Structures are given as C-alpha cells and as structure tokens.
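If you want the building blocks of each chain, they are given just below.
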2 protein chains.
Amino acid sequence: MSENKIPYKIYLEESEMPKQWYNVRGDMKKKPAPLLNPGTLEPMTIDELSGVFCRELAAQELDDTTTYFDIPEEIRNFYKMYRPSPLVRAYCLEKKLDTPAHIYYKFEGNNTSGSHKLNSAIAQAYYAKKQGLKGVTTETGAGQWGTALSMACSYFDLDCQVYMVKVSYEQKPFRREVMRTYGAKVTPSPSMETEVGRRINEQFPGTTGSLGCAISEAVEAATTQEGYRYVLGSVLSQVLLHQSVIGLETKAALDKYGIKADTIIGCAGGGSNLGGLISPFVGEMLRGENNYEIIAVEPASCPSLTRGVYAYDFCDTGKVCPLAKMYTLGSGFIPSANHAGGLRYHGMSSVVSELYDQKLITARSVEQTSVFEAAETFARIEGILPAPESSHAIRVAIDEALKCKETGEEKNIVFGLTGTGYFDMVAYQKYNDREMNDYIPTDEELKKSISQMPKVDK
Amino acid sequence: MSENKIPYKIYLEESEMPKQWYNVRGDMKKKPAPLLNPGTLEPMTIDELSGVFCRELAAQELDDTTTYFDIPEEIRNFYKMYRPSPLVRAYCLEKKLDTPAHIYYKFEGNNTSGSHKLNSAIAQAYYAKKQGLKGVTTETGAGQWGTALSMACSYFDLDCQVYMVKVSYEQKPFRREVMRTYGAKVTPSPSMETEVGRRINEQFPGTTGSLGCAISEAVEAATTQEGYRYVLGSVLSQVLLHQSVIGLETKAALDKYGIKADTIIGCAGGGSNLGGLISPFVGEMLRGENNYEIIAVEPASCPSLTRGVYAYDFCDTGKVCPLAKMYTLGSGFIPSANHAGGLRYHGMSSVVSELYDQKLITARSVEQTSVFEAAETFARIEGILPAPESSHAIRVAIDEALKCKETGEEKNIVFGLTGTGYFDMVAYQKYNDREMNDYIPTDEELKKSISQMPKVDK
C-alpha cells in the first residue's frame, strides 16, 4: 500500500488553486427559476436585492449566464491560509470494507470554522468591505455559519452581528465563545434589540427561538442600521458560486493523477456544499463532455428532494425573504426534535433543485442512526471525527463501496467531507449512550406543511 | 505577496516524510541522567521498566546511544492520514506586526486529537499491539492525550482504559465523548475500580481528583490486569523520540526552500512537543554544524525551567513512578487554580532539562493574560484558534518579531503550533469576559514544594 502512486492526501500546489469560481447556471440551457418579489410576484431586480445584500453579491445572485467569475486576489490570499484542502484517498476505509472501489473524500474541515462555510463567508465579507459597509448581520443555528462569518469579518475588520437561536446560544456556549473570540457580537434570538424580537418575546414569553425568527431579526438589523447588509450561508446561488472552489479543486486533484470519478456524493441541506462540489462535474455533463452518477444525500427526517414538491415557496419561516422555486417541504416544516445534526432546511437551493428536476443528479435519504454508525466507523478508521451533516455522505459512500464489493466493480467514489464534529458532541453522546432514534415524517405531516405554501402559478 | 516563491503552507511530499525518528541523546556527549528505581536508587533496568511499559518502548526509553530508529511501516501509514503537517508561513501575522522577520509555524493541530500527542500515541499503541497485549491504560487531565490514545488504540483494535481526573470528566464532557466515540473506556478518577482509588475516595470523600491520583490508578490497572501496560504522553525520552517527527519534517520543509531558521520557539510543559521540534536542530548544534537560538516557553504559573531546581524528583504526584533528574518545582507543586491552560507539569523531560543545563537552549516564562492576548491576535489574523498551550509559543514569537521590527533584522522565526483550542473554550470565555488574571507563585511557595523533594545525592 505504501508504494502506491496515489498518496493518502492529494494537495494541489498553491499555484494550481482556482483563480475563478464556476457558475454552473451559465452552462444550463434551462435555468433555475428566478427569485420573486413576494409582493408583486415579479422577478427580483438588482435594486430590490441590493437593499438587503451587497450590490456585487446581488449581481452574482442574478447572473445566470456568466460561467466564470474572477476570485479577487484578497480572497485568494485568505483561501491560501486554509486551502487547497486535501483530497484524501481513504485507503484505510477501503481496506476495512474490503471493497475494490477506490474512495476519495474532499475534506473541508481543516479550518477553525470547521466546515466549508468559510469559502463563502470570506467572499461575502470581502464584497461588504469593498462596498464600504460597516458590518453585516446574519443568523446562526448550530453556529457553523456564524463562526465562519465571524472569522471572515475579523479578517477584513468588519462588524459582525450574529443572531443565534436562543436554545443554541444557551446549549452551545463554546460555539458562541469562538465567535466572540473573533470579535462578533452574538445575540440570543429572539432578543429585545429588534422590533420583531420584542414582538415575538411578548407573544411567546420564554420562547427559545427558531431559525426563522433569527433570520427576521438579522434582516431587520441589516435594514435599519446605516452601513449594514444581511448575509446568508447557504441556499443562495451566490453561495453555490463561491463554493464551486470545492469542486474545482477536487476535479484538478483528480485530473492531476488521471483519476476519473464515477460516483460523486454530497450531503444536502440548503445545497451549498453539494452544489459547490458537483458544479464543475455537472458542467461537463451539461456540455456533453462526460458523465457522472451524482447522489445528493439528505436526512430522512427532512427529505426535501425525495419527498418535497418543486414549487415556489418562502426561503424563510418568517416569510420576509423573496420566493424561490425549489424542492420544498413548505416553509413551515420543522424537523422532528430528535433530529440531531444540521441539514434541517425546509427547501433546497434553486440550482440544485433544477438539476435534480432535470435528472442530472439523484437523491437519497438516510436515517440518523445509520448516519452515526457510518460516522463512528469513519472516525475510527480514517482518524477524523466527522460532522453529523458530512456523515450523511459517508453513509452513502460506504453503501456504494459495499455494492462494489458485491459486483467487483473498481468504481472511483468521491464524496464531500464538509466538516468536523468537534462542536457536535452532544449528538455523539446520544449515539454513544444508545439514546438516538429515527423519525421519518408521515405523509400527513408533509401534506399539511406543503398545503400551507403560497400559491404561485409559475 | 501572492507572487512570493514561498507558499503560505509548505507541505512535504508523502515520499519526503521521515522514515526514522531521531534520538538526540545519541549525539549528546553528556547524557541525560538515568531514571532511578525509587527503592534502590539504582538506574532502572529494562526488566524493571518492562513491567510497566511495553518492552520495545522500555528499550527506547533506556537507549541513549542509537541516533536513529526506523519508524515501522504501520506507523508511517497511520502518519500519512494526518501528516506531513504543514509548515505555515505566517504572512498575515507578519503584515499585521509590520515586522521584517519571517515567521513560520509548524501546525500539529490538523487531526481529531487536536494536537501533536497523536505522533507518540500511535507509536505506543503499535508496540503494545506488536507485543500481543490486550490493551493499555493511561490518565488524562484536560483530555488531549486521552483522545490521541483512544484514536490510536481504535486503529490497532486495542482496549483503551483512560482514567480522567473527575473534575475534567464532569466539566469537559465533550472530550470524554470523543474518547468514547473511539471506543475507549473513560473512568472518572478517583474511581471505585482500583485499590488506590477506593482508598482516596474513603480518605477524601467528594474529592474531584488530581492527575497524580489518576496516574496511580492507571498504573495499578495496568499492573493488575493480564495483558495490559501503562502508557504516558509526555516527559519520557521515548515520547520525545516519537515527537522528533515534528522537527524532522520542519527541517526538511525549511531545507526544501533554502530557509535557515534563526530562532526556534516551543511551548514546554512536560517537554514532548519542544523536545520533538528542536531535536534535529539541537543535533546540528551538538555536532558543531550549525547554531540556533532556541527558546522554551513556559507559564509563569508553573515555571520549572526558569525557577525550578535541577535534581532527582518523582515523575508523579503519587510517587509510584521512577525518579528522574530534571528541572522541577517538586512533585507536590500544583499550579494556581486560576491557571487556565495545560503545561501544568511540575517537572520537565530529562532530555530537555539536560539541554537547558548545557545552555543549548534558553527558557522564558509568560503570564496567561498576555498569552491569551497573543492567541486572540493569532486567531483573528491567521485563522486558527490555537490551544492555550501553543499560545505560549505564539506570545514569544510575536515578541521576537516585534524586536526585529525595532532592530530591522530579517530573522527567520520558527515556532511550534502544537494544537487547536476547540475544547478549551471555557478558558477563552474567561478571557473574553475579562475574568482572567495572572498568578505567579511566590518564592516561599516554591521553596516549600522544592524542600519536600526526595534527597538523592546523584
């Protein structure tokens, strides 16, 4: 094994790092449906979007024709501190599974935010700084995105205001402290600092908050303070654009060793990691150059692709954001309380949704105990304790590798390992104590939340 | 900056990784003093040591003449999963400090144990497996070593029993869960499972334990169970031997780009990281080939090198282990309760102690608020949240770089960044809340603990 030509970790040279992001929409003949103004049901204009987002990010959001965007040098320099990330050949896992498949994973967890979220956070902070803003606001649930944004804002000396769902703020004090160490102001949501927060606190005394409420507070804070804009860590097309750096590096690393991926697997919540990982591969499919089997993996407890509908819906629970056409369970859907990891978004990036609708990618849902089982196996044999989100992809990668064992196929399986689980030990504890169980929403439940969606005839 | 020939991160190729560990004792004319049997005050024999340690590790412990030891292929394969670790050029920190100095750091935190401890844990687990043992026992305080050992044992399918100081077990449940995820049995110490644990629980009802007590329990567990041995994560010469992989990689990476280090800085608790980082450089000094300024950095609250005495002392508070000649504050010394990070060992590796006594290395002590200030600066500008231990080295690296700013010297400063602080957020919270303060032991206190040391006339 030690004499193998492919090393355990393939690192690109600094000079081989991508200098441009890839916008897969540019190569799509049928484009994702546009964002709609919830009042007029007309496509959002750049002027409308620029009230909430930085102007350059709003432009990226709306641009579905340009295929490549230059990555500004300042962002490339930041990337160099933690990128290129390694593409790892999982020799030990292959041996353990006794599979003829070759398993590779792109590991995005080697930075303090612990996930791929930093790739877009630094871009969004950069454009905010360039526009001369004072700061940005955002919401965070578990804290991964909030941490990434805090790091990015600290680097560019921008004020960072994070509304953190109150229950997480109290139960995950360590995530909160990482953000504070990076100089962010972290406010438990609902707070008494915004109108919407005060109203919710009054209506529901003692509430521990929700992501929808935190979004509403962050948007209000952005639009009522001079020199602030709101930023978001997933779902949006601009985020997928920035995250294409994952896929571009993955493809460059495979090409360097003459490896052709057969199956590409990514976990999917809002779709930022999956979209970023697969975009250059999908691009080849769209241009008729190559073919891949692509699998989006979602939790059985929040199955937007596999059990949702493809329709216009609100992006947020608070219904203050534009409407997006996407696979969705209805913006009122909330995963069961026993769902331990992330990937709890009710919808899916409109780009990923459209690719799925065009059957360029497939989807599969997995239950959480089998996900943590895969996580434990992976941690013990590959030496990295994975995030629960990432472990969804591990589960399916292992399943596919075991299929190869049966068929004897030497497939090249590539999956995205989006992050580490160091701040998710409460979930691991549940698994270790055998207190974790599965929950799959009933058809009734889904029907109910889907029936409450806006009726948009587009 | 982007056109600079030296990349942000220097990675060796897999083929350039060290195939041998370097034993600096082999090049020392005056050797470190031998371990003594506490009963006879005669040097420990391999047979005596083999009752507690694996035989091959006992042999490494006693061998002060062999300069190179082959790294077994199984260990090299494990190393390939997280090594070579990057040598990072701290471009952003240099710019922030506006210093002409070039700052490099060897980052050992990119693995789930979060520190360099894994380098020796995997070696110790390997030799235990090779000897046909069932398992190993150890103690852990904060949990870094326990985590590393759990990972290593899981890889080689060895039973791993960790006695974790009770107060840590209760206050750091996440560290405990990482160990459990890797299959380790973690027992709060003092426990009711060992004779010494039961005795201490009886004598001191409600005690929250100490490292000394946990060591005693782990040693008892190793020597009373068939097929078990005790392992230790620092201080010992065998550990420094395994950790030489840090220094060897550092030197290879510097050589690759024709960089000559001027100043080498490492934090020092028991001495394993410092000893590993500096050993190949000290080797060159011992052989008269080169000269370096080497600085060991210790906490002002536990200043064994800067304020201790060089004499034989017990390695453990429980006084069950052999005597070692070292710089020590007395085995009864316990750092002030407000000391937040690790580096709380009362003594210092006998190898590092002897190098210090021969004036091949220097030492400096720093206070914890200034350490956390450096940690915060570093986290914000270099994007890695450092372990409190590692931040001692950051403090002095920044101080030295600022001196260069005054003198205009373009020194090459290299320091060891031993790990990440993701499980140390309680300490960061204290710092963020401005509740952290400093404590320096008085001369009286040190005099008292030093006066209680054994009187050995060697």
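Note that the structure is a prediction, hence the values are computed from the model and not measured.

A. Structural view of the overall build of chain A. Each helix and strand counted, chain A has 18 helices and 15 strands in total. Over its C-alpha trace chain A gives a radius of gyration of 21 Å, about what one expects of a compact globule, namely 23 Å for 458 residues. Structurally, chain A occupies a C-alpha span of about 65 × 50 × 45 Å along its principal axes. Out of the 458 residues in chain A, the part that is buried amounts to 66%. If you take every contact in chain A between residues at least 6 apart in sequence, the share linking residues at least 24 apart comes to 75%. Accessible surface computed for chain A: about 16000 Å², of which carbon and sulfur atoms make up 49%. Once the 49 positive and 58 negative side-chain charges of chain A are each reduced to a mean point, those two points are 1 Å apart.

B. Local environment of the nonpolar core. Grouped together as the largest cluster of nonpolar side chains are 242 residues, with contacts concentrated most on W21, I361 and F415 of chain A together with W21 and F415 of chain B. Setting aside its immediate chain neighbours within four residues, F415 of chain A contacts I103, Y104, Y105, K106, I265, L277, F378, A393, I394 and A397 of chain A.

C. Expanded view of the interface of chain A and chain B. In this complex, chain A contributes 45 residues to the contact, which on the side of chain B involves 45 residues. Here chain A packs against chain B, burying approximately 4400 Å² in sum over the two surfaces, 54% of which is carbon and sulfur. Scanning the region where chain A abuts chain B turns up two salt bridges. For the salt bridge of R180 of chain B with D433 of chain A, the shortest nitrogen-to-oxygen distance reads 2.7 Å. Between chain A and chain B we count 23 residue pairs in polar contact (both at pLDDT 80 or more) in total. Secondary structure elements with two or more residues in the side of chain A that touches chain B: α3 (73-82), α6 (144-155), α8 (173-181), α15 (368-382) and α17 (425-432) of chain A. Classifying every residue of the side of chain A that touches chain B by side-chain character gives 21 nonpolar, eleven polar and 13 charged.

D. Region of the structure containing helix α11 (residues 237-256) of chain A. Residues and elements named next belong to chain A. Compared with the 28 Å implied by 1.5 Å per residue over 20 residues, the 29 Å span of α11 between its first and last C-alpha is a close match. Remark: the principal bend of α11, roughly 30°, maps to Q243. Most of α11 sits out of view: 17 of its 20 residues are buried.

E. Highlighting the packing of helix α2 (residues 55-62) of chain A against helix α5 (residues 118-130) of chain A. Residues and elements named next belong to chain A. Orientation of α2 relative to α5, taken along the N-to-C sense of each, is 130°, at an axis distance of 8 Å. On the basis of the axis angle, α2 is oblique to α5. For the pair formed by α2 and α5, the contact residues are E56, L57 and Q60 on the first element and Q124, Y127 and K130 on the second. Along the lines of polarity and charge, the residues of the contact of α2 with α5 split into two nonpolar, two polar and two charged.

Reading guide: rules and limits
- In every chain, residue numbers begin from 1 and rise along the written sequence.
- Going through the entries in the order they are written, you letter the chains from A and number the ligands from 1.
- For a predicted model such as this one, the threshold for reporting local features is a pLDDT of at least 70, and the threshold for listing and counting side-chain atom pairs is 80 or more; totals across whole chains, interfaces and linings nevertheless cover every residue.
- The basis for the side-chain values is all heavy atoms of the structure; hydrogens and waters are excluded.
- A helix here means a DSSP run of H or I that spans at least four residues, while a strand means a run of E at least two residues long, and both kinds are numbered starting from the N terminus.
- Radius of gyration means the value over C-alpha atoms here, while the globule rule gives 2.2 Å times the residue count to the 0.38 power.
- Relative accessible area decides the class of each residue, using a 1.4 Å probe on protein chains only: under 20% of the type maximum gives buried, over 50% gives exposed, and in between gives partly exposed.
- Working rule for contacts: check all heavy atoms of both residues, and any pair within 4.5 Å makes them a contact.
- Shrake-Rupley sampling with a 1.4 Å probe provides the accessible areas, and residues are treated as covered by the protein chains on show and by no other component.
- Working convention for charge: Lys and Arg count positive, Asp and Glu count negative, and His plus the chain ends are omitted.
- Working definition for charges: the position is that of NZ of Lys, CZ of Arg, CG of Asp or CD of Glu.
- Here, the term nonpolar core denotes a set of buried Ala, Val, Leu, Ile, Met, Phe, Trp, Tyr and Cys residues that are joined through side-chain atoms within 4.5 Å.
- As a working definition, buried area equals the accessible area (1.4 Å probe) given up by two parts on being put together, with both sides summed.
- When a carboxyl oxygen of Asp or Glu lies within 4 Å of a side-chain nitrogen of Lys or Arg, that pair is called a salt bridge.
- Definition of a polar contact: a pair of N or O atoms within 3.5 Å, with one able to donate and the other able to accept a hydrogen when the atoms are protein atoms, and with sequence-neighbouring residues admitted only if both atoms are side-chain atoms.
- Residues are grouped as follows: Ala, Val, Leu, Ile, Met, Phe, Trp, Tyr, Cys and Pro are nonpolar; Asp, Glu, Lys and Arg are charged; every other residue, Gly included, is polar.
- Helix span, expected: 1.5 Å multiplied by one less than the number of residues in the helix.
- What is called the bend at a residue is the angle between a pair of axes, fitted to the seven residues leading up to and ending at it and to the seven starting from it.
- Here an angle of 0 to 180 degrees is reported between the N-to-C directions of two axes, which are lines fitted to C-alpha atoms, with helices fitted over the stretch in contact.
- Here the word oblique covers every angle except those under 35 degrees (roughly parallel), over 145 (roughly antiparallel) and from 65 to 115 (roughly perpendicular).

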